[in-house]
Amino acid sequence: MAEIERHSFDVLVVGAGGAGLRAAIAAHDAGAKVGIVCKSLLGKAHTVMAEGGIAAAMANVWKEDNWQVHFRDTMRGGKMLNHWRMAQLHAQEAPDRVRELEEWGALFDRTPDGLISQRDFGGHRYARLAHVGDRTGLELIRTLQQRAVALGIEVFMECTVTKLVKTSPSSTEKRVSAESEGRIAGAFGYWRESGRFIAFEAPSVVLATGGIGKSYKVTSNSWEYTGDGHALALEAGASLVNMEFVQFHPTGMVWPPSVKGILVTESVRGDGGVLRNSEGRRFMFDYIPEFFKAETADSEEEADRWYEDKTNNRRPPELLPRDEVARAINAEVKAGRGSPHGGVFLDIAARRTPEYIRRRLPSMYHQFKELADVDITAEPMEVGPTCHYVMGGVAVDPDTGESVVPGLYAAGEVAGGMHGANRLGGNSLSDLLVFGRRTGLNAAYAAGRRREERASITDEEIRAASEHALAPFGIEGGENPYTVQHDLQEVMHNLVGIIRTADEMERALTDLASLRERITRLSVEGHRQYNPGWHLALDLHNMLRVSECIARAALERTESRGGHTRDDFPATDDTWGTLNLHCRLDGETVGVTREPLPQMPDDLRELFN
Ligand code: FAD
């Protein structure tokens, strides 16, 4: 077999979004030799698309805000299924992570007193999102990327990891102790441009690969979100938690068809936008759940007053958590009260001046002007739900980010537990910073402890991984990857979408089984140099694994909660409120088990009384 390119690191970070970059910086600062691999260009990760802001209880706008209130909002938003320890660490450490970003050069919008400005978002009791107009992700990435490059961290961009390698006596060249067996030894991948293979040896691997949105037809996610990290972890023996919870953001563009799904940031509602149906009714007042009644305005007058006087009025129902708003829009459209292109109307022009809108929401202004020929300073937008975020991910230790596979870590959207059944807006960027740092540090400490005892990746393992990757070139006249992707997206959109039933999910599982059979016959034309059809053929394997986890877990959870709504079980069930579902791979099949939630200590529990 031809020699392939090999590299050796203490910590290999897969993914260069906010989580990956923050992990890499932390690992480097802890003395590790760090490498970052990312399948797109550096700086182009999904994080760059984040608009609204970073949630952190800095108390710059509201003195009353503190980590306990942020913790409580996060748990309530997640319908109490979040891992309490992750939610606690996140709320406690987010303000320091934002300040640190500023020290590293990020330029945030300011309050009149010169502090970092914070804006309102759904589910957050106080204005809490540190932001840079509606381009916060860009500033976050720019800052972290500059720092990582300045520190000299090696980056392999446009390079895709397709397999994680573990240690075993038969598959390692050096002898490893029994204790080291089954640990992570590194990763295998290919350069997207040349198609050549590459191997990374590392005793600690951090997955920071983001989400799974490309399994759905309508999504705010970019081409990169094919669930690679989720599938790699599953295949390495880790478990995925909360996979039934997929967030459909209530406001994506619905028109024209070519841009369907592109995000309309929640900041539009935070800054004064209201939702109306085709009859002009501000329908969100009809959908306030009991759980949030005490803190939500019950009349248009009170909701309107809130924008000027937040102390003496309750929040408008447009700022309920995303799952509530997405379901309400879905119901309005289904009842025949939708907009001409199958959404509802979102109007900020009636409340704010054109100057205010262009200053606070510059990207939204340009997005609608250029893509839909709509001037949002003068007319309403048409919006509808779009698949946006996966709450489910690799089950990790909350303090260290390590999975059950020794040496395998996960941070950011690919990790599970932090957001429970539903993520609050702004809580992802803070999650990336808090857990990116923690995970990077712990991955570096663990690698340091293993310096004397490194496993390497054998030729045999490389041969097996290469053969698997090249299989689609060996089949003539087989399945077209684009057709299979289209069919997969239809299945997930139609049968495992916002509203689910047992019957539909059983059909979905049958269809997914047939798609799994079809991907064994994928064929691609041409050669290995920049071949998008081949890249998709490899991604499809991951998209299917993740889709199966979502469908199986969603079928198992016979209640409605957060980002999982069952038409056949519409109520929230207290028994399910004590259980998480974990997906594991058993041969080629995904198995689902019920596991009790970790016990929250009494002092935190008291915050909910
Ligand atoms: P990403 O930033 O997506 O990075 C993933 C990285 O992994 C990329 O570098 C990718 O190339 C790499 N990768 C993936 N697979 C492989 C592989 N097999 N091999 C090598 N590399 C791989 N959240 C907020 O908190 N506030 C907001 O205002 C906000 N706005 C948003 C707006 C939009 C339009 C969208 C889509 C999301 C928004 N979110 C927001 C959510 C948030 O942006 C994401 O959850 C977050 O950025 C994910 O970061 P990450 O580091 O986990 O992953």
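Residues numbered from 1 in each chain as written. Predicted model: local features only at pLDDT ≥ 70, side-chain atom pairs only at ≥ 80, totals over all residues. Heavy atoms only, no water.

**Details of the pattern of salt bridges**
At step 1: The full count for this structure, using the stated rule, is 51 salt bridges.
At step 2: Of the charged contacts in the structure, one is a salt bridge between E100 and R22, with a shortest N-O distance of 2.9 Å. Here the residue E100 occupies a position in helix α3 (residues 84-103), and R22 occupies one in helix α1 (residues 18-29), the gap between them amounting to 78 residues.
At step 3: What makes E100 buried here is its relative accessible area of 13%.
At step 4: You can call R22 buried: its relative accessible area is 4%.
At step 5: Salt bridges linked by common partners bring E479, D487, E517, R518 and R521 together as one network. (Salt bridge = Lys/Arg side-chain N within 4 Å of Asp/Glu carboxyl O. Helix = DSSP H or I, 4+ residues; strand = E, 2+ residues; numbered from the N terminus. Buried < 20%, exposed > 50% of the residue type's maximum accessible area, 1.4 Å probe, protein only.)

**Focus on the confidence of the model for the chain**
At step 1: Here the chain shows a mean pLDDT of 94. Residues at 70 or above account for 97%.
At step 2: Below pLDDT 50 for its whole length, residues 171-176 participates in 16 contacts with residues either more than four positions away or in separate chains.
At step 3: Both scores are available for the predicted complex, with the pTM at 0.93 and the ipTM at 0.99. (pLDDT = per-residue confidence, 0-100. Contact = heavy atoms within 4.5 Å.)

**A few points about the site of the ligand**
At step 1: Taken together, 40 residues sit near the ligand, with H46, T47, G52, E224 and Y225 positioned nearest.
At step 2: Backbone polar atom of H46 to an oxygen atom of the ligand: 3.3 Å apart, as the coordinates give it.
At step 3: Interatomic distance of 2.4 Å between a side-chain N/O atom of T47 and an oxygen atom of the ligand.
At step 4: Relative to its free-state accessible area of 1000 Å², the ligand is covered by the protein chains to the extent of 99%.
At step 5: Of all the elements in the fold, those that place two or more residues in the shell around the ligand are α1, β3 (34-38), β8 (159-166), β16 (381-390) and α12 (427-449).
At step 6: Among the elements that make up the shell around the ligand, the one with the highest residue count is α12 (four residues). (Near = heavy atom within 4 Å. Polar contact = N/O pair within 3.5 Å; in protein donor to acceptor, adjacent residues only side chain to side chain. Areas by Shrake-Rupley, 256 points an atom, 1.4 Å probe, with all protein chains shown as cover.)

**Considering the domain arrangement of the chain**
At step 1: Here the chain is described as being made up of domain 1 (15-245 + 389-460), domain 2 (247-387) and domain 3 (472-596).
At step 2: With five residues of domain 2 at the contact, the number on the domain 3 side is six residues.
At step 3: For the domain 2 and domain 3 pair, buried surface summed over both sides reaches about 560 Å², with 66% attributable to carbon and sulfur atoms.
At step 4: Three residues, F248, R327 and N330, lead the burial of domain 2 against domain 3; their summed loss comes to 68% of the area buried on that side.
At step 5: Viewed at the interface, domain 3 and domain 2 are joined by zero salt bridges.
At step 6: In this structure, the connection of domain 2 to domain 3 is made through two residue pairs in polar contact (both at pLDDT 80 or more).
At step 7: It is helix α9 (residues 322-334) that contributes the most residues to the side of domain 2 that touches domain 3, three residues altogether. (Domains from an automatic or database assignment. Buried area = accessible area lost by both parts, 1.4 Å probe.)

**A few points about the sheet that holds strand β22 (residues 589-596)**
At step 1: Spatially, four strands are ordered β17-β12-β21-β22 in an open sheet, and the strand pairing comes out antiparallel. Lying at the two open borders of the sheet, with one neighbouring strand each, are β17 (393-394) and β22.
At step 2: Two strands pair when backbone bridges link them, and strand β12 (residues 240-241) and strand β21 (residues 579-586) are joined in this way by two bridges, in the antiparallel orientation. When the sheet's bridge partners are listed, V241 is paired in β21 with H582.
At step 3: Each of β12, β17 and β21 touches helix α5 (residues 228-236); the most contacted strand, β21, lies at about 70° to it.
At step 4: Contacts between helix α16 (residues 532-556) and the sheet are confined to β12, β21 and β22, with β22 contributing the most and set at about 45° to the helix. (Pairing = 2+ DSSP bridges. Axes fitted to C-alpha atoms, helices over the stretch in contact; angles between N-to-C directions.)

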